[in-house]
Amino acid sequence: MRILICEDSVLLREGLVRLLEHGGHSVVAALPDATSLHQTVAATEPELCILDVRLPPSFTDEGILAALELRRTHPRLPVLVLSQYVEERYASELIAAQGGAFGYLLKDRVADVGEFIDSVQRIASGATVLDPEVVAQLLTRRSRDDRMRALTERERTVLAALAEGRSNQSIAALLFLSEASVEKHITAIFQKLQLEPDGGGNRRVLAAIAHFESVGGTPAAGPDARRSTPEPQTGASA
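Residues numbered from 1 in each chain as written. Predicted model: local features only at pLDDT ≥ 70, side-chain atom pairs only at ≥ 80, totals over all residues. Heavy atoms only, no water.

Quick notes on the confidence of the model for the protein
Next up, step 1: Residues of the protein with pLDDT of at least 70 account for 78%, and the chain-wide mean is 79.
Next up, step 2: Here helix H11 (residues 203-212) stands out as the least confident element of the protein, with mean pLDDT 61; strand S1 (residues 2-6) is the most confident, with 97.
Next up, step 3: Within the model, pLDDT remains below 50 along residues 213-238, and this stretch shows 67 contacts once partners closer than five positions in the same chain are excluded. (pLDDT = per-residue confidence, 0-100. Helix = DSSP H or I, 4+ residues; strand = E, 2+ residues; numbered from the N terminus. Contact = heavy atoms within 4.5 Å.)

Have a look at this one:
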């Protein structure tokens, strides 16, 4: 896979290059800031872009703005955002934005090489992958939402796993449930969140987004809508 990295820390940037290349991927560019990001994307045509949330010169929202712009101008380009901490406002904005496949992970996750490489591959394949800490904080923040109050504790747990980009099979293994039980929980979640079948299998992503948006409303299409080979799921209703 062709990957572009935009990270200001030399140590992390070079570490990502070596880690990804060791995993069989090709790093087409490793940038210290977003100044030439869009030109480099156009010139190198990466299959995945990895960006830091905070980039020079102000180390505030440069990475966020760059990621949002990429999701707007290159809707088929998967984007993985790395952050030192959970930035709820930024996470909500990025998740709610329309665009291609997307991931938001804490930098600590890079230390688990196997899990990180797996996340990279899943995002490149069309999945939405969110760090468990991001999911936990955003779900807690939205716990007063009427739709959230309608969910049972088990349904909340399933939703959190679903928002991390897990398949039904993965959720079943994680929670020691049968796949049939997971499918029933997901169907109940869809019903309580008032998410109707859309014909494109996007309700899994919309279910997560419904809780992460700071303003009510459901996007017309989720990240997986623009991928020709979304992660397979068990059961048509989920």
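Here we look at the pairing of strand S4 (residues 79-83)
Next up, step 1: With five of its five residues buried, S4 lies for the most part within the structure.
Next up, step 2: Side chains of S4 alternate between two faces, with Val 79, Val 81 and Ser 83 and Leu 80 and Leu 82 buried alike.
Next up, step 3: Pairing analysis gives four bridges linking strand S3 (residues 48-52) to S4, with the strands arranged parallel. Looking at the pairing, Ile 50 lines up with Leu 80 of S4.
Next up, step 4: For the handedness criterion, the β-α-β arrangement of S3, helix H3 (residues 62-73) and S4 is classed as right-handed.
Next up, step 5: Here five bridges tie S4 to strand S5 (residues 102-106), and the two strands are oriented parallel to one another. Each bridged residue has a counterpart across the sheet, and for Ser 83 the counterpart in S5 is Leu 106. (Buried < 20%, exposed > 50% of the residue type's maximum accessible area, 1.4 Å probe, protein only. Pairing = 2+ DSSP bridges. Right-handed = clockwise from strand over helix to strand, strands pointing away.)

Focus: the layout of surface pockets
Next up, step 1: Reported here for the second largest pocket is a volume of approximately 230 Å³.
Next up, step 2: Around the second largest pocket, the lining is made up of 16 residues, and of these Glu 115, Ser 119, Arg 122, Glu 164 and Arg 166 lie nearest the centre.
Next up, step 3: At the level of elements, helix H5 (113-124) and strand S6 (129-130) are the ones that each hand at least two residues to the lining of the second largest pocket.
Next up, step 4: Take the lining of the second largest pocket: its biggest share by element is four residues, from H5.
Next up, step 5: Residues of the lining of the second largest pocket, tallied by class, amount to four nonpolar, four polar and eight charged.
Next up, step 6: Each of domain 1 (2-138) and domain 2 (151-215) contributes no fewer than three residues to the lining of the second largest pocket. (1 Å grid on protein atoms, 1.4 Å probe; cavity = no way out; pocket = protein on both sides within 12 Å on 5 of 7 lines; lining within 4 Å. Points joined across faces, edges and corners; volume = space filled by probe spheres on them. Nonpolar A, V, L, I, M, F, W, Y, C, P; charged D, E, K, R; others polar. Domains from an automatic or database assignment.)

Notes on helix H9 (residues 168-175)
Next up, step 1: Along H9, the positions that sit buried rather than exposed are Asn 168, Ile 171, Ala 172 and Leu 175. Seen along its axis, H9 keeps its buried residues to an arc of 100 degrees; they face one direction. Exposed residues lying more than 90 degrees from the buried face of H9 are Gln 169 and Ala 173.
Next up, step 2: Phe 176 occupies a position one or two residues after H9 and carries a positive phi of about 60 degrees. (Arc of directions from axis to C-beta.)

Comments concerning the pattern of salt bridges
Next up, step 1: Per the stated rule, a full pass over the model turns up six salt bridges.
Next up, step 2: The salt bridge involving Asp 131 is made with Arg 109; its shortest N-O contact spans 2.6 Å. Of this pair, Asp 131 sits in the loop between S6 and helix H6 (132-141) while Arg 109 is found in the loop between S5 and H5, placing the two residues 22 residues apart along the sequence.
Next up, step 3: On the basis of relative accessibility, which here comes to 25%, the residue Arg 109 falls in the partly exposed class.
Next up, step 4: The closest approach of N and O atoms between Arg 122 and Asp 118, which form a salt bridge, is 3.6 Å. One end of the pair, Arg 122, and the other, Asp 118, are both in helix H5, four residues apart, so they sit about a helical turn from each other.
Next up, step 5: A relative accessible area of 22% places Arg 122 in the partly exposed class.
Next up, step 6: One salt-bridge network, in which partners are shared between bridges, spans Glu 7, Asp 52 and Lys 107. (Salt bridge = Lys/Arg side-chain N within 4 Å of Asp/Glu carboxyl O.)

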